[in-house]
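# Summary of the model geometry
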Amino acid sequence: MAFLLSYTRKEIDSVFYDARLAFSLHLAVSKDGKNFVALNHNSGVLFAKASENDDGSLNPKTLGFPIIVSKNDLQELGIVSFDDGKSVSYNEIDKSYAVAAILLGPDGQDFQEKNNEKDAVLFFTDDFVHYSESQKIRFEDYEKIKKNAFLQMEKLEPENFKYNVEQLQNVVSKIEGALPCNVIQISEKKYEYLCKKLGERKNVEIRLPENIKITSKKDLQMVRAEAVYSDGTVATKKIIWDFDRIDFSQKGKQKIYGEIYCPHFAFPIASDRADPDVFKWKGKYYFIATNDADQNHTLYMRQADSTEEIPNASESLILDSSTYKNIGGLLWAPEFHEINGKLFIFFAATPGEFFWEESHVMCLKEGGNPMNRNDWSEPKRICRMDGSELCEAGKVITLDMTCFLWQDEYYVIWSQRQFVPVDLGAWLYIAKLDENEPWKLKSEPVLLSKPEFGWANNHTFVDEGPFALIRGDKLFVTFSSAAVDTSYVVGLLQIEKGKNPLERENWKKTGYPLLSSRSIKGEFGTGHNAYVIDEDGEVWNTYHARPGTQAPRSSGIRRVHFDVDGEPVLDLTEENDVLKEFRKVEIEVEIQ
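Residues numbered from 1 in each chain as written. Predicted model: local features only at pLDDT ≥ 70, side-chain atom pairs only at ≥ 80, totals over all residues. Heavy atoms only, no water.

## Quick look at the overall build of the chain
From N to C terminus, the chain includes 7 helices and 40 strands. If you line up the chain on its principal axes, its C-alpha atoms span 70 × 70 × 45 Å. Sorting the 592 residues of the chain into buried and exposed places 57% on the buried side. A sequence separation of at least 24 residues applies to 57% of the contacts in the chain between residues at least 6 apart. For the chain, the computed accessible surface area is about 25400 Å², with 45% contributed by carbon and sulfur atoms. (Helix = DSSP H or I, 4+ residues; strand = E, 2+ residues; numbered from the N terminus. Buried < 20%, exposed > 50% of the residue type's maximum accessible area, 1.4 Å probe, protein only. Contact = heavy atoms within 4.5 Å. Areas by Shrake-Rupley, 256 points an atom, 1.4 Å probe, with all protein chains shown as cover.)

Encoded structure:
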């Protein structure tokens, strides 16, 4: 027996938790019906989708009093949706549960779509993590659902505890700011999945191989441990062995000692550096980022032999805003990308004014040294297939262009914002890239994402900072949304191999952010991340955050974990990655 609680939260303020976050579906779980544990860092998991105007601009919305209801209850109540005047039976919806909520305005106020009537909305789900597109329902139908939910709730009697609206507030008293809506009983299987998917993850065990036979130091260096996590997932770990205590000349069995490799990256690794990117090139690691220390007028690079050495590596100036006529300032979001064996840096720049900010690329000369600015070509502005401007300068800006190889084609995704005649906010676009002339697109741009959810249009309408991560048959693209203050977050798009990336409907967007100010204590406004894979195959996330609400944007690095669905996890801390009590290991080996 397990229980699921739906709730919203009290808004705090614009810094820590405001209306566009608070007025969303939050979830908590319990095994006894009394002690509930908040999921997803006590943050929302389901948000209202903004409506669109004829000019493409968005009308943000929020959710009020979300109620979880079974599909059977909907059918018994005779509830149907109304879509363009057509009645649709819920028998056609292949989901077990729904969430019914009042549709509210951007700050949680009553939203009146038409005829001065309140609107309500339904979302369908099986697992309470992934939801279908919303369907509007009549407000009176929502009231029916709510009344029935309360009646059903009062029938639940965990250990003689009877639920009612007043008692619910006592139940959630330990969950900060919780405003309870309703409780339902769920299966153990759903409970376990929710805990694995939305609960805190941490290392619970280290497994070592058995019957190890080695002949040399090299053999032993190939031995790996397995770290097991509370969600049932496993990660392979390198071991640093104490070779001084091993006698390879003594044949037979020996007990040997080592320590799980857990590199430490204190946050921040670089202050006043935003939008960081680390790239491995010819055996070296290179770090580059937006330089907030001089208001974005220079780009500096670091070189190191390992990711661990990056924080203390010296910097070299690669580009400034005075060398080239068309590069006058606001050097933003530099990224390394390899195209046909050549190294490129994609970045945004302007001849001078903000409204002329556009995506550029420069190439490392054949045999050049990445740390030598003279070995980099003059930047070129990204253009369309026919050589024309990607956007109309002064009216539309482009930035944060990223590049990746997928299904034998190079693609770019970038953020584009129209300011004139109306500010539409920043949207993500995708196109093929000409690999022979990487400053030129190979297809027409296609809209990929708009900041439609409350976490994405919080304080401003922004989707930006995309970066690709390929895992087997899936392409993940993380991106950043909202303002670059404490509301900044990381969202996720994904697509499966075999589907055309230039068709927007082929992409799935996760309905809540993977990383936010609530993910890691002391890190605010986390976002604009990138990935690097080290020599051991570990994936590392580089990102920026603020070490205080008013502190400068600064860079950090953290290992990327992968959850029960194989999706990236960006909030597994070093402390939880491998617990201190498990780090020292000993095993018996046979030396042959």
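## Side note on the pattern of salt bridges
Scanning the model with the defined rule gives 37 salt bridges in all. In this structure, E226 and R207 form a salt bridge, with 3.9 Å as the shortest nitrogen-oxygen distance. Of this pair, E226 sits in strand β16 (residues 224-229) while R207 sits in strand β14 (residues 203-207), and the two are 19 residues apart along the sequence. On the basis of relative accessibility, which here comes to 35%, the residue E226 falls in the partly exposed class. Classification of R207 as partly exposed rests on a relative accessible area of 38%. Overlapping salt bridges bring together K49, E133, E452 and K509 as one network. (Salt bridge = Lys/Arg side-chain N within 4 Å of Asp/Glu carboxyl O.)

## Observations regarding the sheet that holds strand β26 (residues 380-381)
Pairing is antiparallel in the open sheet, where 4 strands are placed in the order β23-β24-β25-β26. Here the strands that pair on one side only, and so sit at the sheet edges, are β23 (329-339) and β26. Examined bridge by bridge, β23 and strand β24 (residues 342-350) share 7 bridges and lie antiparallel to one another. Within the sheet, the bridge partner assigned to W332 lies in β24 and is A348. (Pairing = 2+ DSSP bridges.)

## Overview of the environment of M362
Tracing the sequence through the fold places M362 in strand β25 (residues 358-363). Along the chain, M362 and W332 lie 30 residues apart, while their C-alpha atoms are 14 Å from each other. Not counting the four nearest positions on each side in its chain, M362 is found in contact with I318, L319, L343, F344, I345, F347, W376, S377, E378 and P379.

## Considerations on the sheet that holds strand β28 (residues 409-418)
Hydrogen bonds between backbone atoms are what pair the strands of a sheet, whose relative direction is either parallel or antiparallel. Strands sit in the order β27-β28-β29-β30 across an open sheet of 4 strands; the sheet is antiparallel. Two strands close off the open sheet at either side, each with one partner strand: β27 (396-406) and β30 (446-449). Each adjacent strand pair in this sheet contributes to an overall mean axis angle of 30°, direction not counted. With 3 bridges joining them, strand β29 (residues 425-432) and β30 adopt antiparallel strand pairing. From the neighbouring strand, I430 faces β30, where its bridge partner is V446. (Axes fitted to C-alpha atoms, helices over the stretch in contact; angles between N-to-C directions.)

## Quick word on the side chain of H544
Mapping H544 onto the fold places it in strand β36 (residues 539-546). Engagement of the side chain of H544 in a polar contact is seen with the backbone nitrogen of D275, the distance being 3.0 Å. Those residues in contact with H544 that lie beyond four places of it in its chain are R273, A274, D275, P276, Y488, G525, T526, G527, H528, R553, S554 and S555. (Polar contact = N/O pair within 3.5 Å; in protein donor to acceptor, adjacent residues only side chain to side chain.)

## Describing the nonpolar core
Residues L4, L27, F128, Y131, I145 and L194 are the most contacted members of the largest nonpolar core, which totals 68 residues. By residue number, the principal contributor to this core is strand β9 (residues 97-104), which donates 8 residues. Excluding residues that lie within four positions of it along the chain, L27 makes contacts with L4, L5, S6, Y7, V37, A38, L39, V45, I68, F128, Y131 and L194. (Core = buried A, V, L, I, M, F, W, Y, C linked by side-chain atoms within 4.5 Å.)

## Description of helix α5 (residues 188-198)
Taken together, the buried positions of α5 are Y191, Y193, L194, K197 and L198. Buried residues of α5 fall within an arc of 165° about the axis and therefore sit on the same side. Among the structural elements, β1 (2-9), β2 (26-30) and β13 (178-186) are those in contact with the buried residues of α5. (Arc of directions from axis to C-beta.)

## A few points about helix α3 (residues 139-153)
Taking 1.5 Å per residue, 15 residues should reach 21 Å; α3 reaches 21 Å between its end C-alpha atoms and fits that length. Listing the buried residues of α3 in full gives D141, Y142, I145, N148, A149, F150 and M153. (Expected span 1.5 Å × (residues − 1).)

## Quick word on the confidence of the model for the chain
Across the chain, pLDDT averages 93, with 95% of residues at or above 70. Contacts of residues 81-88 to residues separated by more than four positions or lying in other chains number 11 contacts, the stretch itself having pLDDT below 50. (pLDDT = per-residue confidence, 0-100.)

## Topic: the packing of aromatic side chains
Within the structure shown, the criterion is met by 18 aromatic pairs. Between F65 and F150 the ring centres are 6.3 Å apart and the planes differ by 85°, which places this aromatic pair in the edge-to-face class. Separated by 85 residues along the polypeptide, F65 in strand β6 (residues 62-70) and F150 in helix α3 bring together distant segments of the chain. Accessibility expressed as a relative area gives 26% for F65, which makes it partly exposed. (Phe/Tyr/Trp six-rings, centres within 6.5 Å; stacked < 30°, edge-to-face > 60°.)

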